[in-house]
Amino acid sequence: MPGFEWFGDEERREVGEVLETGVLFRYGFDAARKGRWKAKTFEAEFAQRVGSSHCHLVSSGTASLYVALSACGIGAGDHVIISPFTFVATFEAILGVGAVPVFADMDETLCLSPAAVRAAVTERTRAVVPVHMCGSMARIEDLKNLCDEKSLTLVEDTCQAVGGSYKGRALGTFGRMGCFSFDAVKTITCGEGGAVITDDILVSQRADQYADHGHDHIGSDRGADGHPVLGTNFRISELNAAVGLAQLRKLDRILEAQRANKKALKDALGAFRDVAFRQIPDPEGDSATFLCFFMPGEEEARQCAKELAKAGLEGVSYWYDNNWHYLRRWEHLKNLASAAKLPQHLYDHVPDYNALDLSRSDSIMGRTVCIQVKIGWSPKDLEDRVKIIRSVFGN
Ligand SMILES: *Cc1c(COP(=O)(O)O)cnc(C)c1O
């Protein structure tokens, strides 16, 4: 999956241009920077590519979630519905803006179930943050309709699915805001970086302000900026943006390689009766970073992941036992007050995350195995991996 596999002269050239001027800051220094605006150029090209009116680059995907929630006015005491299968950053950001993560079950898409979200909505619910996990999409149209019906804010965590789409429309453009990560292991990388996109000019301005101490960035004199909102520093540097710009221009080739390699692995696996594939609402829009499939039961899935890895297949994940991506192992969330080193009474209104009934998610996750799709595999590498799959399943 990761863009770092194709890191080369293009990235070095972009970074070199920044180092030549010495202007590492994304704002100002107009004369010294000789017309080189890496963050601004990335934003314009990315917005154009996904078909969104505005893009703002930030320092990480986590920062993009903070920025999006803040810009959409989600804050103290608001309930935000998410899936138990994501990366810890999703609930960190919700807690970080003072809101409360509320979990609803996922379905066989490995993303939020719209029916489970509907059942979880209460009068305190303000937002839904679906995560397009492992490169493929949630049932985003249904989730958007539900949010419209209930007047909830939809923010998409698209950190793992840049380049993905649903019925021809880019993931990240269905919500009021879409969030992206360009960290070191994502489909394209800035080293560290992230972005928010939106069609709403007001929300876009707030995002821009919040990510830079509330400065309104009106006029060229930073000292004279007004501060319409309380902000923080989630700025990206020009160096990181320069790396990302080179990577963005490779995105089509990356997606093409991912899709071809995923297809080869999927064709091999599809021959075996025990294997059922993850549901993908629009297979054409799959960014294809992972191949995820279901085994008949938990023990078979755990065993299968173990055997594939032992036979030499890299990037095999059994997420049910993983403590980054599935709620079962998030002990810091389950013991929030002690993990945050804050008094318990601050968390009295927060659900007891030890007592959730997410049995449907548990049963799906327990059967799920994912294989990371690499882009740098030669035809021989791919053939070797197909052989490994056949050897493990053929027994
Ligand atoms: C990677 C990731 C993030 C956070 O991105 P960073 O750039 O690492 O902060 C958030 N959500 C999901 C689903 C991710 O995979």
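Parameters and conventions
Residues numbered from 1 in each chain as written. Predicted model: local features only at pLDDT ≥ 70, side-chain atom pairs only at ≥ 80, totals over all residues. Heavy atoms only, no water. Phe/Tyr/Trp six-rings, centres within 6.5 Å; stacked < 30°, edge-to-face > 60°. Helix = DSSP H or I, 4+ residues; strand = E, 2+ residues; numbered from the N terminus. Buried < 20%, exposed > 50% of the residue type's maximum accessible area, 1.4 Å probe, protein only. Lys NZ or Arg CZ within 6 Å of the ring centre and 35° of its normal. Salt bridge = Lys/Arg side-chain N within 4 Å of Asp/Glu carboxyl O. Near = heavy atom within 4 Å. Polar contact = N/O pair within 3.5 Å; in protein donor to acceptor, adjacent residues only side chain to side chain. Areas by Shrake-Rupley, 256 points an atom, 1.4 Å probe, with all protein chains shown as cover. Nonpolar A, V, L, I, M, F, W, Y, C, P; charged D, E, K, R; others polar. Contact = heavy atoms within 4.5 Å. Disulfide = S-S within 2.5 Å. Axes fitted to C-alpha atoms, helices over the stretch in contact; angles between N-to-C directions. Parallel < 35°, antiparallel > 145°, perpendicular 65-115°, else oblique. Left-handed = near helix turned anticlockwise from the far one by under 90°.

S.K.: Looking at this structure, how should I read the packing of aromatic side chains?
M.R.: How two aromatic rings sit relative to each other is set out by the distance from centre to centre and by the angle between their planes. Enumeration according to the criterion identifies 19 aromatic pairs in this entry. Relative to Phe182, the ring of Phe46 lies with its centre 5.8 Å away and its plane at 85°, an arrangement referred to as edge-to-face. Of this pair, Phe46 sits in helix α2 (residues 38–50) while Phe182 sits in the loop between β8 (177–181) and β9 (194–198); the two residues are 136 residues apart in sequence, bridging distant segments of the chain. Taking the relative accessible area as the measure of exposure, Phe182 reaches 0% and is therefore buried. Centre to centre, the rings of Phe293 and Phe393 are 6.2 Å apart; their planes meet at 65°, and the pair counts as edge-to-face. Placement of Phe293 in strand β11 (residues 290–294) and of Phe393 in helix α14 (residues 379–394) is noted, with a sequence separation of 100 residues between them. Residue classification places Phe393 among the buried residues on the basis of a relative accessible area of 14%. Its end group placed over the ring of Phe174, Arg169 keeps NZ or CZ at 4.2 Å from the ring centre. Above the face of the Phe87 ring, Lys186 is positioned so that its terminal group lies 5.9 Å from the ring centre.

S.K.: Any chance you could explain the pattern of salt bridges here in plain terms?
M.R.: Where charged atoms of side chains with opposite charge meet at close range, the side chains can pair. According to the stated counting rule, one finds 30 salt bridges in the structure shown. When the shortest N-O distance is used, the salt bridge between Lys250 and Glu10 registers 3.2 Å. Taken together, the positions of Lys250 in the loop between α8 (238–248) and α9 (251–269) and Glu10 in helix α1 (residues 9–21) put the pair 240 residues apart, joining distant regions of the chain. Residue Lys250 is classed as buried on the basis of its relative accessible area of 5%. On the basis of relative accessible area, Glu10 is assigned to the partly exposed category, the value being 33%. Salt-bridge contacts for Glu314 lead to Arg385; the nearest nitrogen and oxygen are separated by 3.1 Å. With Glu314 in the loop between α10 (298–310) and β12 (316–317) and Arg385 in helix α14, the pair connects residues that are 71 residues apart, well separated along the chain. Each of Glu14, Glu17, Glu20, Arg36, Lys38, Glu45 and Arg249 takes part in a single network of salt bridges with overlapping partners.

S.K.: How should the site of the ligand be read in this particular structure?
M.R.: Neighbouring the ligand are 15 residues; Gly61, Thr62, Ser181, Asp183 and Lys186 lie closest to it. A distance of 2.7 Å separates an oxygen atom of the ligand from a polar side-chain atom of Ser181. Asp183 places a side-chain nitrogen or oxygen 2.6 Å from an oxygen atom of the ligand. Protein burial of the ligand: of its 380 Å² of free accessible surface, 94% is covered by the chains. At the level of secondary structure, the elements contributing two or more residues to the shell around the ligand comprise α3 (61–71) and α4 (89–96). For the shell around the ligand, the residue count by class is four nonpolar, eight polar and three charged.

S.K.: I tried to follow the environment of Leu239 on my own but got confused; where do I start?
M.R.: Of note, Leu239 is situated in helix α8. On the accessibility criterion, Leu239 (26% relative accessible area) is partly exposed. The sequence separation of Leu239 and Arg49 amounts to 190 residues, and the corresponding C-alpha distance is 22 Å. When residues no more than four places from it in sequence are discounted, the contact partners of Leu239 are Val15, Val18, Leu19 and Leu24.

S.K.: Quick question: what am I supposed to make of the state of the cysteines here?
M.R.: By definition, a disulfide links the sulfur atoms of two cysteine residues through a covalent bond. As enumerated under the stated definition, the model contains one disulfide in all. This cysteine, Cys159, is not joined by any disulfide, and Cys179 carries the nearest cysteine sulfur, 6.4 Å off. The cysteine Cys190 is free of any disulfide, with Cys55 supplying the nearest cysteine sulfur at 9.9 Å. Residue classification places Cys190 among the buried positions, given a relative accessible area of 2%.

S.K.: When you look at unusual backbone geometry in this model, what are you seeing that I'm missing?
M.R.: Most peptide bonds adopt trans geometry, and most residues besides glycine take a negative phi value. Even without being glycine, Leu110 reaches a positive phi, approximately 65°. Position of Leu110 among the secondary structure elements: in the loop between β3 (100–103) and α5 (114–120). Given the relative accessible area of 0%, Leu110 is considered buried. Unusually for a residue other than glycine, His217 sits at a positive phi of about 55°. Within the secondary structure layout, His217 lies in the loop between α7 (201–210) and α8.

S.K.: Where do I start with the packing of α10 against α14 in this structure?
M.R.: Each pair of packed helices gets described by two things: the angle between the helix axes and the distance between those axes. For the pair α10 and α14, the least separation of the axes is 10 Å and the interaxial angle reads 135°. In terms of their interaxial angle, α10 and α14 are classed as oblique. The handedness of the crossing between α10 and α14 comes out as right-handed. Facing α10, whose interface residues are Cys304, Glu307 and Leu308, α14 presents Ile388, Ile389, Val392 and Phe393.

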